[in-house]
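As a plain string of letters, each chain reads:
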Amino acid sequence: MTVRVRFAPSPTGYLHIGGARTAMYNYLFAKAMGGKYILRIEDTDTERSERQYETAQIEDLKWLNLPHDEGPDAGGDYGPYRQSERLHIYKAWTDKLLTQRKAYHCFCTEEELAAKKEIATAAKLSPHYDGTCRNLVESDVTARLAAGASSVVRFRTPMKAYEFTDHVRGKVVFPEDMVGDFVIMRANHIPVYNFAVVVDDASMKISHVIRAEEHLPNTLRQLMLYEAYGETPPEFAHVSLLIGEDRQKLSKRHGATSVRLYKEQNYLPSAMLNYLLLLGWSHPDETDIFDIHKLGTMFNIDRFTKSAAIYDIVKLNHINGEHLRLLPTDLLIAEVEKVLPAGHPFTKMDHDWKVRCVTLSKEKMNFFTDIIPLLTLYFDCEVSIEADYVEARGWETTPQIQAYLKGEVEKAKASGKKFVTEAEYNEWSNHVKGELKIKGKQLFMGIRAALTLQAHGSDLKFIIPLTPIEVLEKRLKIS
Ligand code: GLU
């Protein structure tokens, strides 16, 4: 079987992270199976759909690096890939059902239907359509249509149970009488979702439908339609919902839910995908950090987890840090420079310095911008107000350390050096220990306080060789 899968977003807003996850699952499955991944735009909700959102979603999918093989922008043999351009196809498929009497025109007005529903609810009767137009005589229907009466097309629902095996949920049974005769085509000739999706999936030869669990109830109506057309339904995998810490469906209340906001905040697409993949799927090697594009055939749809996945921004941030640390150093430098204010002293340093600086700094970074406060260690001459720093400044040993270092720094400067080496720094530290007899906390925190004007940071033997001598000099004068 040729695997053909699709991601079918509605262009009613920016790409949601749940949508991005669905898109990725489909993309990876197509890659693993040597199949095709299709993008279909479900824009039949004419009130809410906007072309600008379609463009934005395609941009976001591109940013994530999930390219589709067929779609409105990419073309393909099964187009058009926008539902609004497929109305003639839906009409033809509706006519097929009407001819076979598997569907019928219904002339009941909204008001009539609402009134009937009210009576049925009050009498605790079935809320389904009561069948008023189910068996109208042909001539009556033709006459009403010819007179221009408004009608919808309803599907003649078979009275029987349906079942299918879902790749995530296992066997799913829908007992009979769950739905009544449902509308497939509105009076304005716009198809309803459950109908359009079957027409599209069948005519686009979709083999597997991987989508969010919230669509599980829709599968019943879809199975009925496949049966009516004599089409084999695709295989289904309904992936678990994304929920917030409060176990409610993920929404804006829980923080940023659109991919675009993450893009604007400089998240790495590779980290977003890695994290989203883990929300609902587990790696066979039980590893957490990987490049989803390298999974190949390791990705399969039988490793989806059944339980809802809690969206955890802290974990995402951690994974972002892991991916950031894996970037080639020159790329990391370039990305860091993009987020630094123009003219930042970092940009003026030589390449070797930048390499050593980002290699050291990245251990403390989850995001490119995290380097900004770290760089104060090398350029800033502001005195820290942290209690630990104030305490270290108060020790009687600290002025001794400072006086000694001042002399050393002046010597180094006089010899024309711009930086000291790690070995030179170690000599300073050994001198304070051996000759000044200052040890332990007084030694390390004293030197740190004198040379960095801060109480904490990476190992001094790495920081000091990266700090320009003129900065050390200024600090020793200030403090
Ligand atoms: N347009 C639907 C949505 O955005 C797609 C449903 C499906 O995949 O069948 O949720």
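Preceding this section is the structure that the text describes.
Since the model is a prediction, treat every value here as computed from it, not as a measurement.

> Quick question: what am I supposed to make of unusual backbone geometry here?
In most cases, non-glycine residues show a negative phi, while peptide bonds are predominantly trans. Cis peptide bonds are those with omega within 30 degrees of zero, and the linkage from glycine 79 to proline 80 qualifies with -5 degrees. For proline 80, the location among the structural elements is in the loop between helix 2 (51-64) and helix 3 (87-99). Residue asparagine 65 is not a glycine yet carries a positive backbone phi of 70 degrees. With respect to the secondary-structure elements, asparagine 65 resides in the loop between helix 2 and helix 3. For asparagine 65, a relative accessible area of 41% corresponds to the partly exposed category.

> How do you make sense of the nonpolar core when you look at a structure like this?
Looking at soluble globular proteins, one finds that nonpolar side chains tend to be buried together. Membership of the largest hydrophobic core comes to 94 residues, with the highest contact counts inside it found for Leu277, Phe299, Phe304, Phe346, Tyr378 and Trp428. Tallying contributions element by element places helix 1 (residues 17-33) first for this core, with 10 residues. Once residues within four sequence positions are removed from consideration, tyrosine 378 is found in contact with Trp353, Cys357, Leu360, Ser361, Ile463, Leu466, Thr467, Pro468, Val471 and Arg475. Among the nonpolar cores identified, the runner-up in size contains 36 residues, and Tyr81, Phe164, Met224 and Leu225 belong to it.

> Please clarify how the sheet that holds strand 4 (residues 152-155) should be interpreted in this entry.
Paired through backbone hydrogen bonds, the strands of a sheet run either parallel or antiparallel to each other. Overall, antiparallel pairing links the 3 strands, which are arranged 3-4-7 in an open sheet. The sheet is open, and its two edges are formed by strand 3 (103-106) and strand 7 (183-185), each paired on a single side. The mean angle between the axes of side-by-side strands here comes to 45 degrees, regardless of whether they run parallel or antiparallel. Relative to strand 7, strand 4 is paired through 2 bridges, and the arrangement is antiparallel. Along strand 7, the bridge assignment pairs arginine 154 with valine 183.

> Sorry, what's going on with the pattern of salt bridges here?
Two side chains with opposite charge may pair up if their charged atoms get near one another. All chains considered together, the criterion is met by 35 salt bridges. Salt-bridge contacts for arginine 144 lead to aspartate 140; the nearest nitrogen and oxygen are separated by 3.4 Å. Of this pair, arginine 144 and aspartate 140 are both found in helix 5 (residues 138-146), 4 residues apart, which corresponds to roughly one turn of the helix. A residue is classified by how much of its surface remains accessible, and arginine 144, at 31% relative accessible area, is partly exposed. Judged by its relative accessible area of 27%, aspartate 140 is partly exposed. Across the pair aspartate 459 and lysine 461 runs a salt bridge whose closest N-O atoms are separated by 3.2 Å. On the accessibility criterion, aspartate 459 (38% relative accessible area) is partly exposed.

> Can you help me understand the side chain of aspartate 43 in this one?
Relative to the elements of secondary structure, aspartate 43 occurs in the loop between strand 2 (36-39) and helix 2. Within the buried core, aspartate 43 has no salt-bridge partner, and the shortest N-O distance to an opposite charge, that of arginine 82, equals 5.0 Å. Of note is the side chain of aspartate 43, whose polar atom sits 2.7 Å from the side chain of serine 84. Once residues lying within four places of it in the same chain are set aside, the contact partners of aspartate 43 are Pro11, Ser49, Arg82, Gln83 and Ser84.

How each quantity is defined
Residues numbered from 1 in each chain as written. Predicted model: local features only at pLDDT ≥ 70, side-chain atom pairs only at ≥ 80, totals over all residues. Heavy atoms only, no water. Helix = DSSP H or I, 4+ residues; strand = E, 2+ residues; numbered from the N terminus. Buried < 20%, exposed > 50% of the residue type's maximum accessible area, 1.4 Å probe, protein only. Core = buried A, V, L, I, M, F, W, Y, C linked by side-chain atoms within 4.5 Å. Contact = heavy atoms within 4.5 Å. Pairing = 2+ DSSP bridges. Axes fitted to C-alpha atoms, helices over the stretch in contact; angles between N-to-C directions. Salt bridge = Lys/Arg side-chain N within 4 Å of Asp/Glu carboxyl O. Lys, Arg positive; Asp, Glu negative; His and termini not counted. Polar contact = N/O pair within 3.5 Å; in protein donor to acceptor, adjacent residues only side chain to side chain.

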